[in-house]
Amino acid sequence: MKRTAPVWDAAADPRFREGDPEVLERAFRHCGAVVRGLALRAVRDPDVADDVVQDVFVRAWTYRASFDPERAVLPAWIIGITRRVIADRARQLATDRSRTADLADHDPDAAVPGEDEVEAAVTRLMVRDVLATLPDPPLSFLHLAFYEDLTHRQIADRTGVPLGTVKSHLRRGLLDLRRRMEASREASGW
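Within each chain, residues carry numbers counting from 1 in the order of the written sequence. Confidence filtering applies because this is a predicted model: local features only for residues at pLDDT of at least 70, side-chain atom pairs given and counted only at 80 or more, and all residues used for totals across whole chains, interfaces and linings. To get the side-chain values, take all heavy atoms of the structure and skip hydrogens and water.

Asker: Break down the overall build of the protein for me, citing the residues and quoting the values.
Answerer: The helix and strand tally for the protein stands at eight helices and zero strands. For helices the rule is a DSSP run of H or I covering at least 4 residues; for strands it is a run of E covering at least 2, with both sets numbered from the N terminus onward. In the protein, the succession of α and β elements from N to C terminus is α-α-α-α-α-α-α-α. In the protein, buried positions account for 37% of the 190 residues. Any two residues having at least one pair of non-hydrogen atoms within 4.5 Å are treated as being in contact. Taking the contacts inside the protein whose residues are at least 6 apart along the sequence as the reference set, 67% of them involve residues at least 24 apart. To be clear on the numbers: accessible area is Shrake-Rupley with a 1.4 Å probe, and residue cover counts the displayed protein chains and nothing else. Of the roughly 11200 Å² that the protein leaves accessible, carbon and sulfur atoms contribute 52%. For every residue, the accessible area (1.4 Å probe, protein chains only) is compared with the maximum for its type, and the residue is labelled buried under 20%, exposed over 50%, or partly exposed between those bounds.

Shown next as structure tokens:
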């Protein structure tokens, strides 16, 4: 059975903006490993990846007043910061590498992550967190359609809801998901 990460409780987001250190600690426990994984994939050096994680959470805390819980959930905002810190660090490493004579034989772009890899991981995290904010029944119908791979007819049969209603809930759910994803991306700078 595939293990899923716990869903972020967005109710704490306003407390983060107000300076509650407990929410920062919860955010670190919730997405610190993901931030480190993205950093490690990008820079391929555990020490530098740890520095990236620290920089991300220091920046998040320092600039918490710019976080708007109405526009995005905290983990999505933190992932946006992560992308910027990784890009900064990758550029810095590439510059340092080009200036270092003993590393001249190495490809300076080797440590720069593929944009597709980073974006796919960020998108998965954002979809998971944004899905958790959707109301039911669209959420349950989207879960049946996309995670259990059921057809519209199978969803109607399983839930006892008319087929037209199932289609309406799925359509509204997808539109709502799209709107929330766009707002989350805009808020996180992604």
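Asker: Residues and numbers for the pattern of salt bridges, please.
Answerer: For this analysis, a salt bridge means a side-chain nitrogen from Lys or Arg found within 4 Å of a carboxyl oxygen belonging to Asp or Glu. For the structure on display, the rule yields eleven salt bridges. A salt bridge links Arg15 to Asp20, with the shortest nitrogen-to-oxygen separation between them at 2.9 Å. Of the residues examined, Arg15 reaches a relative accessible area of 34% and is grouped as partly exposed. As a salt-bridge pair, Arg180 and Asp176 come within 3.0 Å of each other at their nearest N and O atoms. Within this pair, Arg180 and its partner Asp176 are both found in helix α8 (residues 163–188), separated by four residues, close to a single helical turn. Given the relative accessible area of 16%, Asp176 is considered buried. Look at the salt bridges and you will find they share partners, linking Asp55, Arg59, Asp88 and Arg89 into a network.

Asker: Please set out the packing of helix α6 (residues 138–147) against helix α7 (residues 152–159) residue by residue, giving values where relevant.
Answerer: Between N-to-C directions, angles cover 0 to 180 degrees, with each direction set by a line fitted to C-alpha atoms, over the stretch in contact for helices. Contact geometry of α6 with α7 gives a least axis separation of 10 Å together with a crossing angle of 130 degrees. The angle between α6 and α7 places the two elements in the oblique class. Regarding α6 and α7, the two cross each other, and that crossing is right-handed. The segment α6 lies against α7, with Phe141, Leu144 and Ala145 engaging Ile155, Arg158 and Thr159. Amino acids outside the nonpolar list (Ala, Val, Leu, Ile, Met, Phe, Trp, Tyr, Cys, Pro) and the charged list (Asp, Glu, Lys, Arg) are all regarded as polar, and Gly is one of them. When grouped by side-chain class, the residues that make up the contact of α6 with α7 number four nonpolar, one polar and one charged. Roughly parallel refers to an angle under 35 degrees, roughly antiparallel to one over 145, roughly perpendicular to one between 65 and 115, and oblique to any angle outside these ranges. What makes a crossing left-handed is the near helix being turned counterclockwise from the far one by less than a right angle; a clockwise turn instead makes it right-handed.

Asker: If you had to explain a nonpolar patch on the surface to someone new, which residues and values would you point to?
Answerer: Grouping into patches uses exposed residues only, defined as over 30% relative accessible area, and leaves out salt-bridged ones; the cut-off is 9 Å for like charges and 5 Å for nonpolar side chains (Val, Leu, Ile, Met, Phe, Trp, Tyr). A surface patch of nonpolar side chains, amounting to about 350 Å² of accessible area, comprises Phe146, Tyr147 and Leu174. Note on placement: Phe146 falls in helix α6.

Asker: Give me the lowdown on the packing of aromatic side chains, citing residues and values where you can.
Answerer: Here a pair means two rings of Phe, Tyr or Trp (six-membered ring of Trp) with centres within 6.5 Å. Their orientation is stacked below 30 degrees between planes, edge-to-face above 60, and tilted elsewhere. Enumeration over the complete set of coordinates arrives at five aromatic pairs. Judged by centre distance (6.0 Å) and plane angle (75 degrees), the rings of Phe16 and Phe67 are edge-to-face. Of this pair, Phe16 sits in helix α1 (residues 13–17) while Phe67 sits in the loop between α3 (46–62) and α4 (74–99); the two residues are 51 residues apart in sequence, bridging distant segments of the chain. Looking at Phe67, the relative accessible area reads 0%, which means it is buried. The interplanar angle of 65 degrees and the centroid separation of 6.1 Å between the aromatic rings of Phe16 and Trp77 together place this pair among those described as edge-to-face. One end of the pair, Phe16, is in helix α1; the other, Trp77, is in helix α4, with 61 residues separating them in the sequence. The pair formed by Phe16 and Trp77 is uniform in burial state, with each residue classed as buried. For a ring to carry a charge above it, either NZ of a lysine or CZ of an arginine must fall within 6 Å of the ring centroid while also lying within 35 degrees of the normal to the ring plane. Above the face of the Trp8 ring, Arg26 is positioned so that its terminal group lies 5.0 Å from the ring centre. Directly above the aromatic system of Trp61 lies the positively charged group of Arg64, at a separation of 4.1 Å from the ring centroid.

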